[in-house]
Amino acid sequence: AQSVTQLGSHVSVSEGALVLLRCNYSSSVPPYLFWYVQYPNQGLQLLLKYTSAATLVKGINGFEAEFKKSETSFHLTKPSAHMSDAAEYFCAVSGPDSSYKLIFGSGTRLLVRP
Amino acid sequence: EAGVVQSPRYKIIEKKQPVAFWCNPISGHNTLYWYLQNLGQGPELLIRYENEEAVDDSQLPKDRFSAERLKGVDSTLKIQPAELGDSAVYLCASSSGGAAFNEQFFGPGTRLTVL
């Protein structure tokens, strides 16, 4: 069965610092991978997705993620954190192992210090 | 373009009472999803509709949960009777197709508290 592990339920960075949110997946075949962001009292919004094209995926708000098959990882990065980036971030996987259902990780809350 | 609309946004009920949540997807989206999100967790799929047909309801607790999507547009999710453990956020999402790589657009959710 497919699954997603997000390391660190909370990550704290200073404004202007690098953001790195970790995501590892398990799948018998290369899956589709997604990063969603959830602001307080709002629904989830897609940041970016990997669908077997380029391994480096660029998303909205300056975020990007790199698919590394050898490490079964899809970590999310942003060179310089902004206060408005403070939110909950979810990594998700979909593929034949999950009958193409979207399987979410437990989320990482990003805190940005001024 | 209007997003996914859900109502109510908040609901507080006593256990054993019934409750219903309503969702209006993005216009033209034929695929609709209901998710359950417990505190500190990611969303978990309850049911997926393709137009008016429920194509995946394997995670829906059918003894107390029911859903419908009449005419393939709006959808209602019902719990009867509610239990304390049902306290959570219920999210509705829609997409333009059921393919795994399609972006799902989420509503703001309904936060249910069962006392």
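For the structure itself, consult the block above.
An account of the accompanying structure is given in this report. Since the structure is predicted, the reported quantities are computational estimates derived from the model, not experimental observations. Once a new chain begins, its residue numbering starts again from 1 and follows that chain's sequence as written. Chains carry letters from A onward and ligands carry numbers from 1 onward, assigned in written order. The predicted nature of this model means local features are confined to residues of pLDDT at least 70 and side-chain atom pairs, given and counted, to a pLDDT of 80 or more, with totals for whole chains, interfaces and linings taken over all residues. Side-chain numbers here rest on the full set of heavy atoms in the structure, without hydrogens or water.

Digging into the packing of aromatic side chains
To keep things clear, this is the line we draw: Each pair of aromatic rings taken from Phe, Tyr and Trp, with Trp reduced to its six-membered ring, is defined by centres within 6.5 Å and is described as stacked if the planes are under 30 degrees apart, edge-to-face if over 60, and tilted in the remaining cases. Using a 1.4 Å probe on the protein chains alone, a residue whose accessible area is under 20% of its type maximum counts as buried, one over 50% counts as exposed, and one in between counts as partly exposed. Helical segments are the DSSP runs of H or I of at least four residues, strand segments are the runs of E of at least two, and each set is numbered from the N terminus.
Per the stated rule, a full pass over the model turns up 14 aromatic pairs over all chains. Centroid distance B:Y33 to B:Y35: 6.1 Å. Interplanar angle 25°. Geometry classified as stacked. Here B:Y33 matches B:Y35 in class, with each residue buried. Both rings, one in B:Y35 and one in B:F106, keep their centres 5.4 Å apart while their planes meet at 40°; by these two values the pair is tilted. Residue B:Y35 is located in strand β4 (residues 31-37), and its partner B:F106 is located in strand β10 (residues 105-106); the two are separated by 71 residues in the primary sequence. The two residues B:Y35 and B:F106 agree in class, both being buried. The rings of A:F34, A:Y36, A:F90, A:F104, B:Y33, B:Y35 and B:F106 are connected pair by pair, giving a single aromatic cluster.

Quick word on the environment of B:N51
Residue and element names in this part refer to chain B. Using the following cut-off: Should any heavy atoms of two residues lie within 4.5 Å, those residues are considered in contact.
Take N51: it is sitting in the loop between β5 (44-50) and β6 (53-56). Through-space distance from the C-alpha of N51 to that of V73 is 7.1 Å; in sequence the pair is 22 residues apart. Setting aside its immediate chain neighbours within four residues, N51 contacts N30, R69 and G72.

Some points on the interface of chain B and chain A
Frequently, the measure chosen for interface size is the accessible area removed from exposure when the parts meet. Selection criterion: Summed over both partners, the accessible area lost on bringing two parts together, with a 1.4 Å probe, is the buried area. A pairing counts as a salt bridge when a side-chain nitrogen of Lys or Arg comes within 4 Å of a carboxyl oxygen of Asp or Glu. Polar contacts here mean pairs of N or O atoms no more than 3.5 Å apart (in protein, one a potential hydrogen donor and the other a potential acceptor; neighbouring residues in sequence count only if both atoms are side-chain atoms). Each residue gets one of three labels, nonpolar for Ala, Val, Leu, Ile, Met, Phe, Trp, Tyr, Cys and Pro, charged for Asp, Glu, Lys and Arg, and polar for the others, Gly among them.
Each partner contributes to the interface: chain B provides 22 residues, whereas chain A provides 19 residues. Between chain B and chain A the total buried area reaches about 1600 Å² when both faces are included, carbon and sulfur atoms providing 54% of it. Among the residues of chain B in contact with chain A, B:A100, B:F101 and B:F106 are the three that bury the most area, contributing 33% of the side total. Across the contact surface, chain B and chain A share 1 salt bridge. The closest approach of N and O atoms between A:K101 and B:D56, which form a salt bridge, is 3.9 Å. Where chain B meets chain A, there are 4 residue pairs in polar contact (both at pLDDT 80 or more). Here the residues of the side of chain B that touches chain A are counted per class, giving 9 nonpolar, 9 polar and 4 charged.

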